[in-house]
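Structural characterization, general
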Amino acid sequence: MMEIVEEHNKNKTSPDDVITMSTECEKPKYNMDHLIPKVDVLFVSKEYAMSRGFSSAEETVKGLLLRVKKGCTVLCTWGEQGADGVSPDGEHFHCQAFPPEKVVDTLGAGDTFNAAVIWALCRGAGLEEALKLGCRIAGRKCGQFGYKDLH
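Residues numbered from 1 in each chain as written. Predicted model: local features only at pLDDT ≥ 70, side-chain atom pairs only at ≥ 80, totals over all residues. Heavy atoms only, no water.

Another aspect to go through is the overall build of the protein chain. Scanning the protein chain from terminus to terminus reveals five helices and five strands. Computed over C-alpha atoms, the radius of gyration of the protein chain comes to 15 Å, within 12% of the 15 Å expected from 2.2 N^0.38 for 151 residues, which places it in the range of a compact globule. Structurally, the protein chain occupies a C-alpha span of about 50 × 35 × 30 Å along its principal axes. Counting the 151 residues in the protein chain, one finds 40% classified as buried. (Helix = DSSP H or I, 4+ residues; strand = E, 2+ residues; numbered from the N terminus. Rg over C-alpha atoms; globule rule 2.2 N^0.38 Å. Buried < 20%, exposed > 50% of the residue type's maximum accessible area, 1.4 Å probe, protein only.)

Structure (C-alpha cells):
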C-alpha cells in the first residue's frame, strides 16, 4: 500500500494533493525498520526504541533522524517521562507526561496519544502543541476505563 501512495505522491504538484503517511513502531517482535524511511510521521514506543538500543525518547528521535526521509516528523513516547519529537525542520521538543490522580487503565494510551497528535497536526498545530495535546489526552485515558467522553 505504501508503494501505491508513494507513486501517487510523485505526480502531485500541490501539497494539498499529497497523502501524508504515518506509522508506529510499537512492538519489537514486529520489525518495522523497513518502513521508517517511507513515512512522513513516525511514532516510536519506548519498548521498540529500547529494543533498538536507545535509552531515552530524546536519543531515539534524534538517532532516527538519520534513517527517516527529509521532512519527517519523529515522535517517541516514554511513559511517565512524557514524549519527545523532532519537527520536519529538525527542531526538538519535549513534553512532560500528564499523569492522572489514579491510573486505572493504560490499554490504548499509546493509540490515544498518536490519534491526538495526528488530529492536532492535521489542523495546523505545531509539533510542540501537538505533543502537549497527545500527552494530555493519553494521561486522561490512563485515568479512566475505556474511551467514553475522552477529550
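On to the environment of Gln 144. Looking at where Gln 144 falls in the secondary structure, it is placed in the segment after helix H5 (127-142). Measuring from C-alpha to C-alpha, the distance between Gln 144 and Pro 100 comes to 8.8 Å, with 44 residues separating the pair along the chain. If we skip the residues at most four places from it in the chain, Gln 144 touches Val 104, Asp 105 and Leu 150. A distance of 3.3 Å separates a polar side-chain atom of Gln 144 from the backbone oxygen of Gly 146. Within polar-contact distance, the side chain of Gln 144 engages the backbone oxygen of Lys 148 at 3.0 Å. (Contact = heavy atoms within 4.5 Å. Polar contact = N/O pair within 3.5 Å; in protein donor to acceptor, adjacent residues only side chain to side chain.)

In terms of nonpolar packing, the biggest core is built from 22 residues, with Leu 42, Val 44, Leu 64, Val 74 and Cys 76 touching the most fellow members. Listing elements by their share of this core, those giving two or more residues are helix H1 (2-10), strand S2 (41-44), helix H2 (46-51), helix H3 (57-64) and strand S3 (73-77). Examining the composition of this core, we find that three residues originate from one element, H3, more than from any other. When residues no more than four places from it in sequence are discounted, the contact partners of Leu 64 are Ile 36, Leu 42, Val 44, Phe 54 and Val 74. Counting 16 residues, the second largest nonpolar core, distinct from the first, contains Val 41, Phe 43, Leu 75 and Phe 93. (Core = buried A, V, L, I, M, F, W, Y, C linked by side-chain atoms within 4.5 Å.)

On to the side chain of Thr 73. Topologically, Thr 73 is positioned in strand S3. Taking the relative accessible area as the measure of exposure, Thr 73 reaches 7% and is therefore buried. In this structure, Thr 73 is in contact with Asp 40, Val 41, Leu 42, Val 86, Pro 88 and Leu 127, ignoring residues within four places of it in sequence.

In this structure the tally under the stated criterion is one aromatic pair. Aromatic side chains Phe 43 and Phe 113 sit 6.3 Å apart centroid to centroid with 90° between the ring planes, which places their arrangement in the edge-to-face category. Highlighted residues: Phe 43 in strand S2 and Phe 113 in helix H4 (residues 109-122), separated in sequence by 70 residues. Pair check on accessibility: Phe 43 and Phe 113 agree, each one buried. When the ring centre of Tyr 48 is taken as origin, the NZ or CZ atom of Arg 52, which lies over that ring, is 4.2 Å away. (Phe/Tyr/Trp six-rings, centres within 6.5 Å; stacked < 30°, edge-to-face > 60°. Lys NZ or Arg CZ within 6 Å of the ring centre and 35° of its normal.)

Once that is clear, we can look at the sheet that holds strand S5 (residues 92-95). The strand order across the open sheet formed by five strands is S1-S2-S3-S4-S5, and the pairing between neighbours is mixed. One side of each edge strand has no neighbouring strand; the edge strands of this open sheet are strand S1 (22-25) and S5. With strand direction ignored, the average angle separating the axes of adjacent strands in the sheet is 15°. The sheet contact formed by strand S4 (residues 83-86) and S5 spans four bridges and is antiparallel. For Val 86, the partnering residue across the bridge sits in S5 and is His 92. (Pairing = 2+ DSSP bridges. Axes fitted to C-alpha atoms, helices over the stretch in contact; angles between N-to-C directions.)

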